[in-house]
Amino acid sequence: MSNSETIKYTCPYCGKEFDVEIYNTVNVSQDPDLKERCMSGDIFRHSCPHCHSDFMIQNPLLYEDTEHRFIIWVSAKELGDLSSFAKPLIAKGYTLRRCATVKEFVEKIQIFEDGANDIAVELAKYDSFIDFLDSRKGKAEDVTSIDYVYTKDDVMKIDIRMDDKGMSFLIPVSGLHDELEANKEMFEIEDEQFPCINSDWILSVFMKAQGNA
Ligand SMILES: [Zn+2]
């Protein structure tokens, strides 16, 4: 079930207090209307009734999709021990993740709805970035973002963006899964800990593999 609460909030712009409704839990299988608000990030966006300024309140949010069997905890901070909560969900086949930012959260929903493996996605982004550097189409410092676009017919599309330009990479999914399978231990994660699977994570995996951890 989805759950929200009304809290008193002090506007960061005019300093006046007002009530805002924030969601702690969103179950999109039961409340599909809330999905749009999550995908757009609007669920964290609020407006002050006094001065009409818009701002974000990134409160911790538990996003549950019972149909696609995944749970994302949006929280900038690490979570405590959640094993008693996590174990029965893992037994039911759920994927459990934490996302530190709204951008990561939105992308993660897309990945899991596509039925893609997010570890394979981070690997695809990493491989695309290396290809990008090898092709000499730009420098590492020009890259503004590396985004997952979609998975279709065994192909994953990754975009590398520089301010006004972009480059797309089409990566065969079966190749990514072969790479994960061949390096199982290297990419091992524990869902019980609600791991953050993002660019920092994949970099730490490769650093460790090179003995630089
Ligand atoms: Zn205000």
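Predicted model, so just to flag it, every value in this text is computed and none were measured.

Caption draft 1: Geometry of unusual backbone geometry. One non-glycine residue, His-52, lies in the positive phi region at around 65 degrees. Counting through the fold element by element, His-52 comes out in the loop between strand 3 (45-47) and strand 4 (54-56). Judged by local crowding, His-52 falls into the exposed class, with 10 C-beta atoms found within 10 Å.

Caption draft 2: Expanded view of the sheet that holds strand 10 (residues 165-172). With antiparallel pairing, three strands are arranged side by side in an open sheet as 8-9-10. Since the sheet does not close on itself, it has two edges, and those belong to strand 8 (143-152) and strand 10, each with one partner. Each strand of the sheet is rotated relative to its neighbour by a mean of 20 degrees, with strand direction disregarded. Against the sheet, helix 4 (residues 118-134) engages strand 8, strand 9 (155-162) and strand 10, with an angle of about 50 degrees to strand 9.

Caption draft 3: Structural view of the domain arrangement of the protein. Each assigned domain of the protein is listed here: domain 1 (3-113) and domain 2 (118-189 + 196-209). Look at where the C-alpha atoms of domain 1 and domain 2 centre, and you get two points 26 Å apart. Contributing elements (two or more residues each) for the side of domain 1 that touches domain 2: strand 7 (95-99) and helix 3 (102-113). With five residues, helix 3 is the largest single contributor of residues to the side of domain 1 that touches domain 2. Across the side of domain 1 that touches domain 2, the residue classes tally to three nonpolar, one polar and five charged.

Caption draft 4: Geometry of the packing of helix 4 against helix 6 (residues 199-209). The interhelical angle for the contact between helix 4 and helix 6, taken along N-to-C directions, is 75 degrees, at an axis separation of 10 Å. Relative to helix 6, the element helix 4 is oriented roughly perpendicular. Between helix 4 and helix 6, the contacting residues are Glu-122, Leu-123, Lys-125 and Tyr-126 on the first element and Ser-199, Trp-201 and Ile-202 on the second. Split by residue class, the contact of helix 4 with helix 6 holds four nonpolar, one polar and two charged.

Rules of the game
Residues numbered from 1 in each chain as written. Predicted model: local features only at pLDDT ≥ 70, side-chain atom pairs only at ≥ 80, totals over all residues. Helix = DSSP H or I, 4+ residues; strand = E, 2+ residues; numbered from the N terminus. Buried ≥ 20, exposed ≤ 12 C-beta atoms within 10 Å, placed from the backbone. Pairing = 2+ DSSP bridges. Axes fitted to C-alpha atoms, helices over the stretch in contact; angles between N-to-C directions. Contact = placed C-beta atoms within 7 Å. Domains from an automatic or database assignment. Nonpolar A, V, L, I, M, F, W, Y, C, P; charged D, E, K, R; others polar. Parallel < 35°, antiparallel > 145°, perpendicular 65-115°, else oblique.

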